[in-house]
Amino acid sequence: AQSVTQPDIHITVSEGASLELRCNYSYGATPYLFWYVQSPGQGLQLLLKYFSGDTLVQGIKGFEAEFKRSQSSFNLRKPSVHWSDAAEYFCAVAASSNYKLTFGKGTLLTVNP
Amino acid sequence: DTAVSQTPKYLVTQMGNDKSIKCEQNLGHDTMYWYKQDSKKFLKIMFSYNNKELIINETVPNRFSPKSPDKAHLNLHINSLELGDSAVYFCASSQDPAPGRGTGELFFGEGSRLTVL
């Protein structure tokens, strides 16, 4: 069965600083990988996904993520954080062999002015 | 128009009561889901329906019963509510039941916060 680990429960950055949120997955074959964002009181919204091909994927709101098979990682990055990026970020993995999308426990991002 | 809408948004009730949460999507998707988010924000799938057929049924107490009257609706009924049922319940929909097919994107509602006293 697949699983996801987000090692950082809470990260604080200053507005304008760069951001990297970590995600490690466990799955035997090539996984399908996703990053979702949840703003306070809202549902989740897809930021980006990786299925195959180019390992650097671009998403909405200026986010990107890089799939590294050797490290079983799919870290999310943004070069310059805006105050509106403050939210909970979830990494998720799906296997080709089942219909389940498994979420990590999330990383809360706080942005200081 | 809201793509995935849930009602009610907030629900406060006593232990032992029965309650329902309704979900509707206007995206024309074939697949709908119920997720539970606990107080630590952990998101776990409960059920998934594709074309009104149950395809995922996680280890959920049988006090929880989903019902899909048609492809656009998925309701969740909970009997004999317990304190541990307090959570935010999210409905979601997708074009395809397999996350690795189609766009793979799940569209979430805004959640229904259930508090059991």
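A brief report on the enclosed structure follows. Nothing here was measured: the structure is a model prediction, and the numbers come from that model. (Residues numbered from 1 in each chain as written. Chains lettered and ligands numbered in written order. Predicted model: local features only at pLDDT ≥ 70, side-chain atom pairs only at ≥ 80, totals over all residues. Heavy atoms only, no water.)

Another point: the state of the cysteines. Residues and elements named next belong to chain A. In total, this model carries 2 disulfides over all chains according to the counting rule given. One disulfide bridge connects Cys 23 with Cys 91, the sulfur atoms lying 1.9 Å from each other. Between Cys 23 and Cys 91 the disulfide shows an S-S torsion of about -65 degrees. By sign, it is left-handed. Of this pair, Cys 23 sits in the loop between β3 (19–21) and β4 (24–26) while Cys 91 sits in strand β10 (residues 87–94), and the two are 68 residues apart along the sequence. Per residue, the accessibility class of Cys 23 equals that of Cys 91, and both read buried. (Disulfide = S-S within 2.5 Å. Helix = DSSP H or I, 4+ residues; strand = E, 2+ residues; numbered from the N terminus. Buried < 20%, exposed > 50% of the residue type's maximum accessible area, 1.4 Å probe, protein only.)

With that out of the way, let us pick up the interface of chain A and chain B. Taken residue by residue, the interface counts 21 residues in chain A and 25 residues in chain B. For the chain A and chain B pair, buried surface summed over both sides reaches about 1900 Å², with 61% attributable to carbon and sulfur atoms. Counting across the interface, chain A meets chain B through 1 salt bridge. Connecting chain A to chain B are 3 residue pairs in polar contact (both at pLDDT 80 or more). For the side of chain A that touches chain B, the secondary-structure elements that each account for two or more residues are β5 (32–38), β6 (44–50), β10 and β11 (101–103) of chain A. The greatest single-element share of the side of chain A that touches chain B, amounting to 4 residues, is contributed by β5(A). Among the residues making up the side of chain A that touches chain B, the classes are represented as 11 nonpolar, 6 polar and 4 charged. (Contact = heavy atoms within 4.5 Å. Buried area = accessible area lost by both parts, 1.4 Å probe. Salt bridge = Lys/Arg side-chain N within 4 Å of Asp/Glu carboxyl O. Polar contact = N/O pair within 3.5 Å; in protein donor to acceptor, adjacent residues only side chain to side chain. Nonpolar A, V, L, I, M, F, W, Y, C, P; charged D, E, K, R; others polar.)

Bringing the pattern of salt bridges into the picture now. Where charged atoms from two side chains of opposite charge come close, those side chains can pair. This structure, assessed with the given rule, holds 10 salt bridges over all chains. Here Arg77(A) and Glu66(A) are joined by a salt bridge, their closest N and O atoms 3.3 Å apart. You can see Arg77(A) sitting in strand β9 (residues 73–78) and its partner Glu66(A) sitting in strand β8 (residues 64–68), a full 11 residues away along the chain. We note a salt bridge from Glu58(B) to Lys44(B), for which the minimum N-O separation is 3.7 Å. Placement of Glu58(B) in the loop between β6 (53–57) and β7 (64–70) and of Lys44(B) in strand β5 (residues 43–50) is noted, with a sequence separation of 14 residues between them. The exposure class assigned to Lys44(B) is partly exposed, which follows from its relative accessible area of 39%. Through salt bridges that share partners, Glu64(A), Glu66(A) and Arg77(A) make up one connected network.

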